[in-house]
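Here's the letter readout for the chains.
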Amino acid sequence: MNLTEDQIKNALKNVRYPGFTRDIISFGIVKNVEIVDSNVKISLVLPKPDGQLEEKIKQAVKKTILELPGVNGLEISSETRPAKAPAGQASPGEPKEKKISNIKYFIAVASGKGGVGKSTVAVNLALATSKLRNNVGLMDADIWGPSIPMMMGTNDKPKTNDKKKLNPIEKFGINLMSIGFLISEDDTVIWRGPMVHSAIKQFLEDVDWKETEYLFIDLPPGTGDSQLSLIQSAPITGGIIVTTPQDIALLDVKRGVQMFRKLNVPILGIVENMSYLDCPHCSKEIDIFGRGGGFKMAEKFDIPFLGEIPIDPEIRKSGDYGNPIVLSQPNSDVAKSFTTIAEEILKNIEQN
Ligand SMILES: Nc1ncnc2c1ncn2[C@@H]1O[C@H](COP(=O)(O)OP(=O)(O)OP(=O)(O)O)[C@@H](O)[C@H]1O
Ligand SMILES: [Mg+2]
């Protein structure tokens, strides 16, 4: 069977851009692929003159392409994109990540289905992280059902600053952005694919995230095309999957794992929410949904199990009243569980 350009391009999707989780095809640095008698010619266009970067990419390309059956020879040429963009903007061809320069780590919080407590987990993890590190942000990417304004107890309107960027809303010491701040509750917006993409792009590029180090992103529930597109809008450092322990929800974990793996996003781990109920009358832990499913799933997919959060009416109340439990009851077991999970995430990111 003859080699095709598509086969080569597909293989190149496994080559990561050094220092990023995304591949060189999605970065747009593969300018051309040509096949002449089972010899492959690949031309690259690099964002800047950088011998080390060039060498790393070429070596990785070589390793991947020469392993393909039917490839007899490989020639890689490279050039540097000439145009220089004004300060603060990415030059053409420079990875999109560069534009979102002030954010160091992006943590996406996902779930296979709705209502499992993804936003609750995202909010409390962001706040627990802010007790451990400076400069934490929380972005509500759930444009169909934003819940960050309610859970964080603010409906302030973001203002434009002198850099012509939107200032995020600051609450409880972290920076927030949500579509809920920009449209009123009565506005029904039918978001179509390109609009979703541009809303999130704007949240990343047109919001002045200042020196945000850890940005938690609350994704909309599900693992469909919209979620994929949202994840592709940012250089995600790692993904967290929130689930409840019962079987149906756990099937969705599989989809979540597949979604992140498809995009080469490392999975930081699984959080099992609503694991058990601490019975206030009998002092026993009651396993309402069959505790432990999240742990089993983590083992099955060989990803970390980050921890379990019990069902606790205080979690719901504090969420509804805009005073998350990590802050309203900092000494509770629930708050401590969120802190332990946040520590685990920081350890994982900072050691890798
Ligand atoms: N561990 C918990 N104990 C008690 N109530 C909880 C717990 N986790 C979440 N809840 C409550 O369950 C409801 C759904 O939670 P949340 O909005 O965080 O879920 P979600 O997965 O983000 O939902 P959606 O799919 O709508 O985005 C909220 O009222 C929340 O306060
Ligand atoms: Mg939510």
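Below is a short write-up of the structure.

Criteria and cut-off values
Residues numbered from 1 in each chain as written. Chains lettered and ligands numbered in written order. Predicted model: local features only at pLDDT ≥ 70, side-chain atom pairs only at ≥ 80, totals over all residues. Helix = DSSP H or I, 4+ residues; strand = E, 2+ residues; numbered from the N terminus. Buried ≥ 20, exposed ≤ 12 C-beta atoms within 10 Å, placed from the backbone. Contact = placed C-beta atoms within 7 Å. Core = buried A, V, L, I, M, F, W, Y, C linked by C-beta atoms within 7 Å. Pairing = 2+ DSSP bridges. Axes fitted to C-alpha atoms, helices over the stretch in contact; angles between N-to-C directions. Parallel < 35°, antiparallel > 145°, perpendicular 65-115°, else oblique. Left-handed = near helix turned anticlockwise from the far one by under 90°. Near = placed C-beta within 6 Å. Nonpolar A, V, L, I, M, F, W, Y, C, P; charged D, E, K, R; others polar. Expected span 1.5 Å × (residues − 1).

As for the environment of Glu213
For step 1, the next point in the chain: Within the secondary structure layout, Glu213 lies in the loop between helix 6 (193-205) and strand 8 (214-218).
For step 2, the next point in the chain: Among the residues examined, Glu213 registers 15 C-beta atoms within 10 Å and is labelled partly exposed.
For step 3, the next point in the chain: Remark: the alpha-carbon pair of Glu213 and Ile103, spanning 110 residues in sequence, is separated by 5.4 Å.
For step 4, the next point in the chain: Not counting chain neighbours up to four residues away, the residues in contact with Glu213 comprise Lys104, Tyr105, Arg133, Asn134, Asn135 and Val136.

Thoughts on the nonpolar core
For step 1, the next point in the chain: Counting 70 residues, the largest nonpolar core has Ile107, Val109, Leu215, Phe216 and Ile217 as the members making the most contacts within it.
For step 2, the next point in the chain: Broken down by element, this core gets its largest block of residues, seven residues, from helix 3 (residues 118-132).
For step 3, the next point in the chain: If we ignore the near neighbours within four places in the chain, the residues touching Ile217 are Phe106, Ile107, Ala108, Val109, Met139 and Ala141.
For step 4, the next point in the chain: Leu12, Tyr17, Val40 and Val61 belong to the second largest nonpolar core, which has twelve residues in total.

Topic: the sheet that holds strand 1 (residues 30-36)
For step 1, the next point in the chain: A sheet is described by the order of its strands in space; here three strands give the open sequence 1-2-3, paired in mixed fashion. If you trace the sheet from one side to the other, it starts and ends with strand 1 and strand 3 (73-80), each paired once. Across the sheet, the axes of successive neighbouring strands diverge by a mean angle of 15 degrees, strand direction being ignored.
For step 2, the next point in the chain: With six bridges joining them, strand 1 and strand 2 (residues 39-46) adopt antiparallel strand pairing. Residue pairing for strand 2: Val36 is matched across the bridge by Asn39.

Description of the packing of helix 8 (residues 247-262) against helix 9 (residues 293-301)
For step 1, the next point in the chain: Their axes nearest at 10 Å, the elements helix 8 and helix 9 cross at an angle of 30 degrees. Between helix 8 and helix 9, the interaxial angle falls into the category roughly parallel. For the element pair helix 8 and helix 9, the recorded crossing hand is right-handed. Contact residues: Asp247, Leu250, Val253 and Val257 in helix 8; Gly293, Met297 and Phe301 in helix 9.

Digging into the site of ligand 1
For step 1, the next point in the chain: By nearness alone, 20 residues border ligand 1, and Gly114, Gly117, Lys118, Ser119 and Thr120 come closest of all.
For step 2, the next point in the chain: Counting only elements with at least two residues in the shell around ligand 1, the list comes to helix 3, strand 10 (267-278), strand 12 (305-311) and helix 10 (313-320).
For step 3, the next point in the chain: Here the residues of the shell around ligand 1 are counted per class, giving six nonpolar, ten polar and four charged.

With respect to helix 3
For step 1, the next point in the chain: Over its 15 residues, helix 3 runs 21 Å from end to end, which matches the ideal 21 Å to within 8%, given 1.5 Å per residue.
For step 2, the next point in the chain: Most of helix 3 sits out of view: 13 of its 15 residues are buried.

Focus on the pairing of strand 10
For step 1, the next point in the chain: Burial of strand 10 is extensive: ten of the twelve residues sit out of reach of the surface.
For step 2, the next point in the chain: Bridge count for strand 9 (residues 238-243) against strand 10 is five bridges, and the pairing is parallel. Bridging from a neighbouring strand, Val242 pairs with Val271 of strand 10.
For step 3, the next point in the chain: As judged from the five bridges shared by strand 10 and strand 12, these two strands associate in the parallel manner. Note that in strand 12 the partner of Ile270 across the bridge is Phe305.

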